[in-house]
Amino acid sequence: MKDLIQQVKVKHFGLSEAGVQIICRAHAVQPVTALQSEYSLRLREPEEEILPTLEKLGIGFVPFSPLGKGFLTGAISDNAARACLTSCINSSRSMSRNSIADFILTRPAVRETGG
């Protein structure tokens, strides 16, 4: 990538879904312009280490799925949301167990999507 930037074939270099170690290693070789990562009302992990690292290095942040990949829009049926959220409990990219329980218990009924 560094060679392509030096040849002016690439103007900016970014990463997607990278951890702190990879961001720092990549930035040491070639300045990183931006990081794209999931960041939503449901997934707040970037706040812990990623955002402070990006701020320190002067790297931009491009969040995606701000509405939790449809969970918070009503586009996913209650049954599908419950099944998916239940399966996320042990995932490394999940909400806490209490957050999931609160979400399921307080979620208003939504329309079925036929999928």
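Computed from a prediction, not measured in an experiment: that's the story for all the values here. (Residues numbered from 1 in each chain as written. Predicted model: local features only at pLDDT ≥ 70, side-chain atom pairs only at ≥ 80, totals over all residues. Heavy atoms only, no water.)

(A) Summary view of the sheet that holds strand 2 (residues 34–38). Spatially, 1-2-3 is the arrangement adopted by the three strands of the open sheet, whose pairing is parallel. Among the strands making up the open sheet, the edge pair consists of strand 1 (14–16) and strand 3 (60–64). On average, adjacent strands in this sheet sit at an angle of 20° to one another, irrespective of strand direction. When strand 1 meets strand 2, the two strands line up parallel, connected through three bridges. (Pairing = 2+ DSSP bridges. Helix = DSSP H or I, 4+ residues; strand = E, 2+ residues; numbered from the N terminus. Axes fitted to C-alpha atoms, helices over the stretch in contact; angles between N-to-C directions.)

(B) Geometry of helix 2 (residues 20–29). Inspection of helix 2 places Ile23, Ala26 and His27 among the buried residues, and these make up the whole buried set. The buried residues of helix 2 occupy an angular sector of 100° when the element is viewed end-on, so they sit on one face. Turned more than 90 degrees from where helix 2 packs its buried face, Gln21, Arg25, Ala28 and Val29 sit exposed. Against strand 1, strand 2 and helix 3 (50–57) lie the buried residues of helix 2. (Buried < 20%, exposed > 50% of the residue type's maximum accessible area, 1.4 Å probe, protein only. Arc of directions from axis to C-beta. Contact = heavy atoms within 4.5 Å.)

(C) Focus on the packing of helix 2 against helix 3. Where helix 2 contacts helix 3, the axes come no closer than 10 Å and their chain directions differ by 15°. Relative to helix 3, the element helix 2 lies roughly parallel. The interaxial crossing formed by helix 2 with helix 3 has right-handed handedness. Packed against helix 2, whose contacting residues are Val20, Ile23, Cys24 and His27, the element helix 3 presents Ile50, Thr53, Leu54 and Leu57 at the interface. Among the residues making up the contact of helix 2 with helix 3, the classes are represented as six nonpolar, two polar and no charged. (Parallel < 35°, antiparallel > 145°, perpendicular 65-115°, else oblique. Left-handed = near helix turned anticlockwise from the far one by under 90°. Nonpolar A, V, L, I, M, F, W, Y, C, P; charged D, E, K, R; others polar.)

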